Structure formats: structure tokens, C-alpha cells
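Geometric and topological summary
Now for the letters of each chain:
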Amino acid sequence: MNNRFLNLVKFFFLETFKNKSEVFYTMFFPVIFLLLFGFIFGLGDTQHQEENFEYGLVFSSGYLSDTNQSSESAYDTVKAFFDPNKLDIYADNESLKNAVLSSKVDAGIIVDETSKVKVLYNSDPANMQKITWIKFAGENAIKRFLYGAKKDYLSLSSENIGTGRVESNQMDFLLTGIIAISILSGGMFSVINTFGRYKKLGVIKKFMVTPIKSNEFVIASSFNKILLNFFSIVIIIILGKVIYHMNYSFDWPMLIIVCLSSTLGMMAFGILLMVLFKELEVAQSAASILMTVMMFFAGIYFPINIIPGYIRWVSYILPIKYVADLLRHVAGVESMNITTFWLINIIMAASGIILLSLTSRQLMKDQARN
Amino acid sequence: MENIIEVSNLRKYYKTVKAVDDISFSIAAGKVFALLGPNGAGKTTTVEILEGLRRADSGRITYFGKEITKVNFELKEKIGVQLQNTVFFESLTVKETLKGFLGLYEKKFDIDILVKKLELEEKLNSKIKTLSGGQKQRLAIAVALVNDPDIVFLDEPTTGLDPQARRMLWDFINELKLSGKTIILTTHYMEEAEYLSDFVNIVDHGKVIACGTVEQLIDSIGMKSIIRFHSNKKFDSYFKDENLKIIEDTALSSEKKIYEIQTDNVETTLSNIFETTRKNSLSISEIAIRQPNLEDVFLKLTGRTLRD
């Protein structure tokens, strides 16, 4: 790396970090989102207290023989304890697990021969907001049944059989969505706004008469946006831990890789919009529309499986969906096949680098002419 | 004297507009070369081609005796460019801006000297957004000089400045010239071109309509003196045979106009004016006699003033 390029990076570093409005919008705008949505979803939890849930239950054969109860009478008795919630009986642990994973039931309860109770649940984003209440109601019902049967339970445990590494909740899901939005805005919008501002100022022309290459200019100015983005993400994560006591456990080296590849991908997206729509205002409007579409369809604030099936395909063509998926993987909120993980990262980074280098020269020329 | 830049048959067309139309000139080392012309004449397009910001449709450019097809990095190290309306990052200080651009070049000029010469010392730690128009323009020139260039492009360096600030910049440009730098100046101020230039190209509608030293250009129109006066009534009908120019003055009533008469014989023309005034009961005022300038050259060649 030559001195000129490093000096250019330093120059843009100063420009970026001394520009208070840019720092505010890139670093603190996502924080406002976090606080706002945290407040809304925090209140939302209480609304689920009145909901009825559906449970699956398996009594081990050992348990039934020990109580001298027929399975029918035992099931009839226990159903009464779950009322008004619904209780389905399953023949074995495996079929119950499948029912939980496929969301046929909200949670599964296994009572083994030693009266050990295990509550199975799935931290799938679709039900994690109400998972606390599901567990609470299910555990209470089975406890009351066991007390009634004078069968004191030995232990009660719960197990997340969902795909994520850690027990997650709505806020974990939301936080990773906010980070994805932060990357999107930091990448796409900052490229559009920064280059738009530079164009308006006439700064690009001034740099073009100095001995720097067009891609050096774009990379140096973008590097600081990536840095700013990363700071923003760290702040969101810290606030998430401090204010909302979130359960995520980020794999930090992987997070850095995801941030880098995703920001590059989103920057390329922004530059592409700028090249397609030559006018800054048009590019900004297009980016705003796209951002709105992405927030609704890309599983940022709610899971895409609640989107009607006939329109769900839209989610799969939006790059931000994959950014959110990557982030949820490195946060342990959702699991992802490792090959898919690297493939998405490589596609993001490669498309970013290719598009940036292809378009930067054209963009510089276009803007110098203005 | 060695030519540092040579331009032959340069063309740049935008659809139907001939921005630069077959322009040729050469610039001697260590001299101030001016492109003088009204707004939209093609001055900026010409220099932006030389600066590497635009590509010519056709033509030949040589720098330091070598023909070039594009302005490469090696050449960019040797030129300094002050663009028309240069704006810098508003939140940075003067010092940060100068250091920032200095870091982009291999050859570096002493910033302290530049700052002192351009009287920016007190503003060194001020943010760009707090600078006045004149200070910003001086900073633009300082930035153009951070690499101690051999060739300096100054595109309308004093536009929008008050007379004092303009005079200060003129003195600085003269100092630059004395230090041996080649300066390419574009301007629509004839006083600026007259004061600073060794050689002037007058440009109009993308073409060079006249070139030479200021003296050569003025001599070429064969004019000795110009008599200027105000009249309360129409005066043109009395001087049909003279080279009479009427200048509309919005400050005066529609009947009152400023007249300029170009003459080789000041005494005879003045006598005629007074005679006509007396015979026709006209009233004239603010009579002045001046020498022809580049404005007159432009008027003679195009029938328009530089400000039209």
C-alpha cells in the first residue's frame, strides 16, 4: 500500500469523522431504531398473556406403568390441567420433536419414567416473542398435574431444539435486523449521500486533477464508511447487552468478516443505483423505496415466514435478507450451513469489489463532467 | 523560448454545441498565458482537456515536448490546478485541507511559506465553512500549489472577489510568474488579462479569434483613443460616419445614454462633438478620454462586449 493511498484514507477519515451529521446518521440512527423497537416489542410481550397455546405431550411408558394408569385416563386427566390451552398426545419423543420443529405445536413436554419433565421448544423467530409465555403456561400445567397425581417431579428442564446456538428472543432477532439495516444504510446510503455531496461540492473534480486513481478515491472514501459502520454495530451490540440483556454470543472474527463483505455488497448496490440514476435526488429516492421494501420483505423486523407464500419470493431476491441471515448466524440466533455462510460472504464481497472497480471510474468521469 | 505546452486543432463538441472548435496555441515556459473570453466561450473546456478532466474529440497536445493522449500521474505531479468554483470539505480546517492534498503528491511545497504568502496564517485552524469568498479562493490557489508545480492552471481565480482581494491575488500571481512557473489563466476580466498576461488568446464560440501580447492585440485594431461621454438626448444620428458605440445605461432614463467614439484624432473629434452639441442644443456630461483595451479588441472583433 503506497503512502499516497494511506494519506488519502487519512484525509477521508478526518472528513468523515469531523462531519457530525454523517457520524450521527451512520452511528446513532440505528441506535434510535434499537431503542424504539425495543420499547415497542418490550410492551408487546404483555399482550401474549391472554393467548392460548397448543402443546404436545409424551408420557414415557415407564411413567404410566408406575402410576398404574391407563394411557387414556392419564391423558384425559392431564388435558384438564392445560385447559384452556390445547394438548395433543404424541406416541414418542421423536414425533413430538418433529411437531415442535414444524410448529404444529408451540411446545412439547416429555415426562419420563422418573418424573423428569423436559419442555421442548423452538426458538424459531416466528414464535420467540411468546416463547416465555409458552414455557410458563406449559410448565405450570404439567406441574399442577404432577402435584394432583401426587407425583412430585424430580426436575423440570427446558431445551431449545431450534436451529440457533443460543436461546434467542424477539430482541435478539430484532437486533441482528437493526445491524443489517445499519450495514445497508452505512453502505448503500452513505455511498449515495457521500458521493452526492462530493459531487455537489465539486470535490471529485479536485481529486481527479491530483495523481490518484479513481478506484483509490472510491476505496479510500468508502473505507471510512466501513469503519464507521463497524463502530455503529459495536454500539448497537453493547446497548443490546446493557439495556435489553440480550442472549446473543457473537463470533467476533466472523462478525468482522460479515460486516466487511456485507458493507462492500451494499456499497456496490448504492454505486449501482448512482450509476443507473444519474441524478442524486433520483438515486436517493430509489434507495429510500428499496430500503422500505427491504425492511418489510427481508426479514429485518419480523421473520419472512409470516409473509404470505405467494409474495415470499421477493425476500429471496433482496440482498439484505442474506446480510441478516449472516448476522443471525454469527450471533447464534439462527444456524446456517457453513458452506452457505462462506458462499454468501464471497458473493457479497466479490460483487462489491467488482462493481466498485467497474463503476468507480465511470462515476468519477460522470461527476467530473458536471 | 521553449514551449511547455503545444495544442493543435483541438476539438470538443457536445451534440450541436462546438465547445472547442479547432483551437491551436502554444505556451512558453515561465510565462502567463491567458484565455480571455465571455462566459461560455470554451475557455474552461479547453483547460479541462489540458488538465485531464475531459477528453478531446480530436487534436494534439504536447507537454514538455512529448505528445500525450491522456494526462498521466507523472504529469499530474507537475501541474497544479485551481478549478472554477473549487469547494473543499467544509468541516475540515485550512491546515487539514492543505496537508490532506499535500499528502497526495510526491513533490511537496512548504505549506508555511504558501500560507504566509497567501495571507492565510490567521485562518490556519479555521474551518473552511467559516472562510470568506476571498479566503476560500486563496486557499484554492494554495492547494493548487502544494506540489510546487511547474505549470499552474488558474480558472477564473478572481471571479466574485472584491477589488482589494482581486488586487492581492494579482500580486501573488505576478510573484508566481517571477518564480519561473508557467501559468495558464482563464478569465473574462480584460483588466486581469492585461495586468497579468504575457500572451493572450481571445476565445469566442469555441474559436481563437485573436492572439498575441496585449500590446499586439490592441495595436491590431488600429485605434488610438476613445472619447466617452453621457448625453441627455439621442446622439447617434449626428455621428453616422464615426465609429460610434452606444452603451445602454439602465441607471439613466431611456433618453440618456453613454456614447463612446473611437478616434485616431482626439482633438478633431472632440471639436465635432462640441459643435454638434451647441448647434442642436444637446447636453453632454462626464467626458473622458481613454486608451483602447482588450475589451475594445473583443468589441471590434465580435461586435459584443465581454460581458454580453
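See above for the structure.
Summarised in this report is the structure supplied together with it.

Rules of the game
Residues numbered from 1 in each chain as written. Chains lettered and ligands numbered in written order. Predicted model: local features only at pLDDT ≥ 70, side-chain atom pairs only at ≥ 80, totals over all residues. Heavy atoms only, no water. Helix = DSSP H or I, 4+ residues; strand = E, 2+ residues; numbered from the N terminus. Buried < 20%, exposed > 50% of the residue type's maximum accessible area, 1.4 Å probe, protein only. Contact = heavy atoms within 4.5 Å. Areas by Shrake-Rupley, 256 points an atom, 1.4 Å probe, with all protein chains shown as cover. Lys, Arg positive; Asp, Glu negative; His and termini not counted. Charge placed at Lys NZ, Arg CZ, Asp CG, Glu CD. Expected span 1.5 Å × (residues − 1). Salt bridge = Lys/Arg side-chain N within 4 Å of Asp/Glu carboxyl O. Core = buried A, V, L, I, M, F, W, Y, C linked by side-chain atoms within 4.5 Å. Phe/Tyr/Trp six-rings, centres within 6.5 Å; stacked < 30°, edge-to-face > 60°. Lys NZ or Arg CZ within 6 Å of the ring centre and 35° of its normal. Buried area = accessible area lost by both parts, 1.4 Å probe. Polar contact = N/O pair within 3.5 Å; in protein donor to acceptor, adjacent residues only side chain to side chain. Pairing = 2+ DSSP bridges. Axes fitted to C-alpha atoms, helices over the stretch in contact; angles between N-to-C directions.

The secondary structure content of chain B amounts to ten helices and 14 strands. Seen through its principal axes, chain B has C-alpha atoms that stretch 75 × 45 × 40 Å. For chain B, buried positions account for 52% of its 308 residues. Intrachain contacts of chain B at a sequence separation of at least 6 include 68% that bridge at least 24 residues. For chain B, the exposed area adds up to about 14,500 Å²; of that, 47% sits on carbon and sulfur atoms. The centroid of the 43 positive side-chain charges in chain B is displaced by 4 Å from the centroid of its 46 negative side-chain charges.

Here the focus is the overall build of chain A. From N to C terminus, chain A includes 14 helices and five strands. Looking at chain A residue by residue over its 370 residues, the buried ones come to 54%. For chain A, long-range pairs separated by at least 24 residues make up 78% of all intrachain contacts whose partners lie at least 6 apart in sequence. Accessible surface for chain A amounts to roughly 16,300 Å². Of this, 62% is attributable to carbon and sulfur atoms.

Okay, helix H13 (residues 319–330) of chain A next. All names here are of chain A. The terminal C-alpha atoms of H13, which comprises twelve residues, lie 17 Å apart, in line with the 16 Å expected from a rise of 1.5 Å per residue. Turning to H13, its buried residues number three or more, namely Pro319, Ile320, Lys321, Val323, Ala324, Asp325, Leu326, Leu327, Arg328, His329 and Val330. Downstream of H13 by one or two residues, Gly332 has phi in the positive range, about 75 degrees.

Attention now moves to the pattern of salt bridges. In total, this model carries 19 salt bridges over all chains according to the counting rule given. The salt bridge partner of Lys205(A) is Glu48(B), with a shortest N-O separation of 2.8 Å. Taken together, the positions of Lys205(A) in helix H8 (residues 203–208) and Glu48(B) in helix H1 (residues 43–51) put the pair across two chains. Assigned by exposure class, Lys205(A) and Glu48(B) land together as buried.

What follows covers the nonpolar core. Phe207(A), Ile320(A), Ile5(B), Phe153(B) and Leu294(B) are the most contacted members of the largest nonpolar core, which has 152 residues in total. Ranked by the residues each element gives to this core, the list is headed by helix H7 (residues 170–201) of chain A, at 15 residues. Other than its neighbours up to four places away in sequence, Ile320(A) contacts Ala180(A), Ile181(A), Leu184(A), Met266(A), Met294(A), Ala298(A) and Ile300(A). Ranked by size, the runner-up nonpolar core spans 22 residues in total, among them Tyr55(A), Val111(A), Val119(A) and Tyr121(A).

By the definition in use, this model includes 20 aromatic pairs over all chains. With 6.1 Å between their ring centres and 70 degrees between their planes, Phe17(A) and Phe231(A) make a pair best called edge-to-face. You can see Phe17(A) sitting in helix H1 (residues 3–17) and its partner Phe231(A) sitting in helix H9 (residues 214–244), a full 214 residues away along the chain. By relative accessible area, which is 25% here, Phe17(A) ends up partly exposed. Centre to centre, the rings of Tyr63(B) and Phe64(B) are 6.5 Å apart; their planes meet at 35 degrees, and the pair counts as tilted. Overall, the relative accessible area of 2% leaves Tyr63(B) in the buried class. For Phe64(B), a relative accessible area of 29% translates into the label partly exposed. Pairwise contacts between aromatic rings join Phe11(A), Phe12(A), Phe207(A), Phe217(A), Phe88(B), Phe89(B) and Phe101(B) into one cluster. Over the face of the ring belonging to Tyr189(B) we find Arg166(B), whose NZ or CZ atom lies 4.0 Å from the ring centre. The ring of Tyr195(B) has Arg167(B) lying over it, and the distance from NZ or CZ to the ring centre is 4.8 Å.

On the side of chain B, 29 residues touch chain A, which itself brings 24 residues to the contact. Between chain A and chain B, a total of about 2,500 Å² is buried, with carbon and sulfur atoms accounting for 66% of that surface. Ranking the residues of chain A by area buried against chain B places Phe11(A), Lys206(A) and Val209(A) at the top, with a combined share of 28%. Scanning the region where chain A abuts chain B turns up three salt bridges. For Glu77(B), the salt bridge goes to Arg4(A), with nearest N and O atoms at 3.0 Å. Linking chain A to chain B there are seven residue pairs in polar contact (both at pLDDT 80 or more).

Looking now at unusual backbone geometry. Residue and element names in this part refer to chain B. Even without being a glycine, Asn9 presents a positive backbone phi close to 50 degrees. With a relative accessible area of 39%, Asn9 lands in the partly exposed category. For Asp148, which is not a glycine, the phi torsion comes out positive at approximately 50 degrees. For Asp148, the position within the fold is in the loop between helix H5 (133–144) and strand E7 (151–155).

Okay, the sheet that holds strand E9 (residues 199–204) of chain B next. All names here are of chain B. Here six strands make up an open sheet; going across it, the order is E6-E7-E8-E3-E9-E10 and the pairing mixed. Two strands in the sheet have a free side with no partner beyond their single neighbour: strand E6 (79–82) and strand E10 (207–212). When the angles between neighbouring strand axes are averaged without regard to direction, this sheet yields 15 degrees. Where strand E3 (residues 32–36) meets strand E8 (residues 182–187), five bridges bridge the pair, whose relative direction is parallel. Across the sheet, the residue bridging to Val32 is Ile183, located in E8.

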